[in-house]
Amino acid sequence: MQGKIALEEHFAYKAPDEDITRRLQHAESWIETSRRLMDFHDDRLRDMDEFGVEYAILSLNAPAVQAVLDPKEAAEDARRYNDFLAEEVARQPDRFGGFATLPMQDPEAAAEELTRCVKDLGFPGALVNGFTQRDVSDSVIYYDIPEYRPFWAAVAELDVPFYLHPRTIVRERAQPYDGHPWLYSSGWGFAVETSIHMLRLIGSCLFDEFPRLQVVLGHLGERIPFDMWRLDNRIARVPHGYPAKHPMSHYLRNNVHMTTSGNFSDPALRCTISEMGIDRLMFAIDYPMEVMNAGAEWFDGTPVLSEEERQIVGRTNAARLFKLERFL
Ligand code: ZN
């Protein structure tokens with residue numbers, strides 16, 4: 001399919017005098033990934049042309065600013081990264097858009113930065129790498145707590161989607177993975193971390209307060225679609241109830257969108273469409289953590305989608321949600 005819009009495509013920032021390997025993993029396999037993270041206009045664009053990706057909304061690689069302990073430093077970093085991304089986008093505005101990086105350590109600063117990114121830089125939304133740390137390294141702050149309500153009010157007011165992207169749990173809290181490092185990150189831990197965060201947002205009544213708020217999850221919903229029935233069924237029997245007005249599936253189907261990033265599985269796609277409906281699913285690759293042809297060729301050929309549905313998921317839904325009128 002030509003004309004696809006891709007939504008979970010990452011970049012890395014490199015200051016002129018900085019050794020970026022300090023902030024990336026050191027494994028051999030990361031040398032090529034790191035190079036691709038820092039490339040915007042060569043291999044990335046060539047791959048996009050070859051595999052029918054017309055437009056990509058780019059985001060900083062995880063955990064990025066969310067791992068910075070000092071709120072002031074996080075705010076300065078976010079500003080620098082967003083300005084950098086805006087410059088790269090401006091060189092190819094027909095091909096790239098930008099997701100705002102937000103200093104969630106300080107909800108007020110995050111709201112201010114999002115407002116600046118949307119109004120001044122023209123970004124169509126934000127992508128945040130899961131919980132934030134603050135002050136101490138073993139801190140884990142999720143955004144369902146009351147401190148973040150003014151931030152969510154700003155997101156609702158700006159009427160832009162919020163992409164909740166995974167990150168690994170902090171080392172100090174990673175005991176369930178002891179002895180099993182292969183489960184720690186994208187193989188399993190990413191989905192555990194991101195799905196619990198999403199369900200916490202629902203259970204905090206966030207979407208009762210802001211019914212128009214829209215959150216995006218990658219990886220075909222971080223395993224939530226498979227358990228939607230069970231979530232509703234079991235939570236309905238919790239002795240003292242749960243505080244939100246509707247079952248969790250109601251909010252998932254009214255306030256959440258999911259993308260195909262990094263999960264190129266026909267059965268998982270079928271399950272996600274069955275639970276969420278075709279209008280809440282969008283195309284993404286998770287480049288360069290995944291190679292572009294793997295995501296694009298699977299999507300172009302999967303028998304789960306009719307040609308009409310492929311257009312809807314591959315382009316139309318994203319154009320509508322991110323108000324990219326020129327792609328409609
Ligand atoms: Zn990703």
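Because the structure is a prediction, the values reported are computed rather than measured.

## As for the overall build of the protein chain
Piece 1. When you go through the protein chain residue by residue, the secondary structure sums to 13 helices and 10 strands.
Piece 2. Taking 328 residues into account, the globule formula puts the C-alpha radius of gyration at 20 Å, and the protein chain, at 19 Å, falls close to it.
Piece 3. Over its C-alpha atoms, taken along the principal directions, the protein chain stretches across nearly 55 × 50 × 45 Å.
Piece 4. The 328 residues of the protein chain split such that 58% are buried.
Piece 5. For the protein chain, contacts bridging at least 24 residues in sequence account for 77% of all contacts bridging at least 6.
Piece 6. Just so you have it, the protein chain exposes about 14600 Å², and 52% of that area is on carbon and sulfur atoms.

## A short note on the sheet that holds strand β8 (residues 215-217)
Piece 1. Strand order in the open sheet made by the five strands is β4-β7-β8-β9-β10, with parallel pairing throughout. The sheet is open, and its two edges are formed by β4 (126-129) and β10 (281-282), each paired on a single side.
Piece 2. Relative to strand β7 (residues 162-165), β4 is paired through four bridges, and the arrangement is parallel. Of the residues in β7, the one forming a bridge with Ala 126 is Phe 162.
Piece 3. Running over the sheet, helix α10 (residues 248-255) touches β8 and β9 (256-259) and is turned about 70° from β9.

## A closer look at the coordination of the zinc ion
Piece 1. All of the protein donors around the zinc ion are Glu 8 (OE), His 10 (NE2), His 165 (NE2) and Asp 286 (OD); their distances to the metal are 2.0 to 2.3 Å.
Piece 2. Coordination geometry of the zinc ion: the four donor atoms subtend angles of 85 to 173° at the metal centre, consistent with an arrangement described as irregular.
Piece 3. In primary-sequence terms, the residues that donate to the zinc ion follow E-x1-H-x154-H-x120-D. On the criterion of sequence distance, the pair formed by His 10 in strand β1 (residues 4-11) and Asp 286 in the loop between β10 and α12 (292-301) is long-range, its members being 276 residues apart. Comparing His 10 with Asp 286 shows no difference in burial state: the two are buried.

## Let's talk about the side chain of Asn 129
Piece 1. The residue Asn 129 is located in strand β4 in this model.
Piece 2. We classify Asn 129 as buried; its relative accessible area is 2%.
Piece 3. Among the polar contacts listed, one links the side chain of Asn 129 to the side chain of His 165, at a separation of 2.9 Å.
Piece 4. Beyond its immediate sequence surroundings of up to four residues, Asn 129 is in contact with Leu 60, Asn 61, Ala 62, Pro 63, Ala 64, Gln 66, His 165, Pro 166 and Arg 167.

## Some points on the environment of Asn 317
Piece 1. Tracing the chain through its elements places Asn 317 in helix α13 (residues 307-321).
Piece 2. In this structure, Asn 317 is in contact with Ile 278, Asp 279, Arg 280, Leu 281, Met 282 and Ile 312, ignoring residues within four places of it in sequence.
Piece 3. In this structure the side chain of Asn 317 is engaged in a polar contact, spanning 2.8 Å, whose partner is the backbone oxygen of Leu 281.

## Focus: the pairing of β9
Piece 1. Burial along β9 is two-sided: Val 256 and Met 258 facing one way and His 257 and Thr 259 facing the other are all buried.
Piece 2. As defined by bridge partners, β8 adjoins β9 across three bridges and the pair is classed as parallel. Residue Leu 217 lies in a different strand from β9, and its bridge partner there is Met 258.
Piece 3. One ladder, built from two bridges, connects β9 with β10; its direction is parallel. Within the sheet, the bridge partner assigned to Thr 259 lies in β10 and is Met 282.
Piece 4. With respect to chirality, the unit in which β9 leads through helix α11 (residues 266-276) into the neighbouring parallel β10 is right-handed.

## Observations regarding the sheet that holds strand β3 (residues 96-98)
Piece 1. Taken together, three strands build an open sheet; the order of strands is β1-β2-β3 and the sheet is parallel. The open sheet terminates on both sides in strands that have one partner only, identified here as β1 and β3. Across the sheet, the axes of successive neighbouring strands diverge by a mean angle of 30°, strand direction being ignored.
Piece 2. Taken together, the three bridges between strand β2 (residues 53-60) and β3 define a ladder with parallel strand orientation. Among the inter-strand pairings, Leu 58 is bridged to a residue of β3, identified as Gly 98.

## Observations concerning the nonpolar core
Across soluble globular proteins, nonpolar side chains have a tendency to be buried as a group.
Piece 1. With 81 residues, the main nonpolar core has Leu 102, Leu 114, Phe 151, Trp 152, Met 198 and Phe 207 as its most contacted residues.
Piece 2. Looking at this core element by element, the count peaks at seven residues for helix α3 (residues 71-91).
Piece 3. Contacts of Met 198, omitting those with residues within four sequence positions, involve Leu 164, Phe 207, Val 215, Leu 217, Ile 224, Leu 252 and Val 256.
Piece 4. Judged by nonpolar contacts, the second largest core, of 16 residues, contains Leu 7, Ile 57, Val 216 and Leu 324.

The rules behind these values
- Residues numbered from 1 in each chain as written.
- Predicted model: local features only at pLDDT ≥ 70, side-chain atom pairs only at ≥ 80, totals over all residues.
- Heavy atoms only, no water.
- Helix = DSSP H or I, 4+ residues; strand = E, 2+ residues; numbered from the N terminus.
- Rg over C-alpha atoms; globule rule 2.2 N^0.38 Å.
- Buried < 20%, exposed > 50% of the residue type's maximum accessible area, 1.4 Å probe, protein only.
- Contact = heavy atoms within 4.5 Å.
- Areas by Shrake-Rupley, 256 points an atom, 1.4 Å probe, with all protein chains shown as cover.
- Pairing = 2+ DSSP bridges.
- Axes fitted to C-alpha atoms, helices over the stretch in contact; angles between N-to-C directions.
- Donors = N, O, S within 2.8 Å, 3.2 Å for Na, K, Ca; no water.
- Tetrahedral: all angles 85-135°; square planar, octahedral: opposite > 155°, others 65-115°.
- Polar contact = N/O pair within 3.5 Å; in protein donor to acceptor, adjacent residues only side chain to side chain.
- Right-handed = clockwise from strand over helix to strand, strands pointing away.
- Core = buried A, V, L, I, M, F, W, Y, C linked by side-chain atoms within 4.5 Å.

Function cannot be inferred from these measures alone, as they are strictly geometric.
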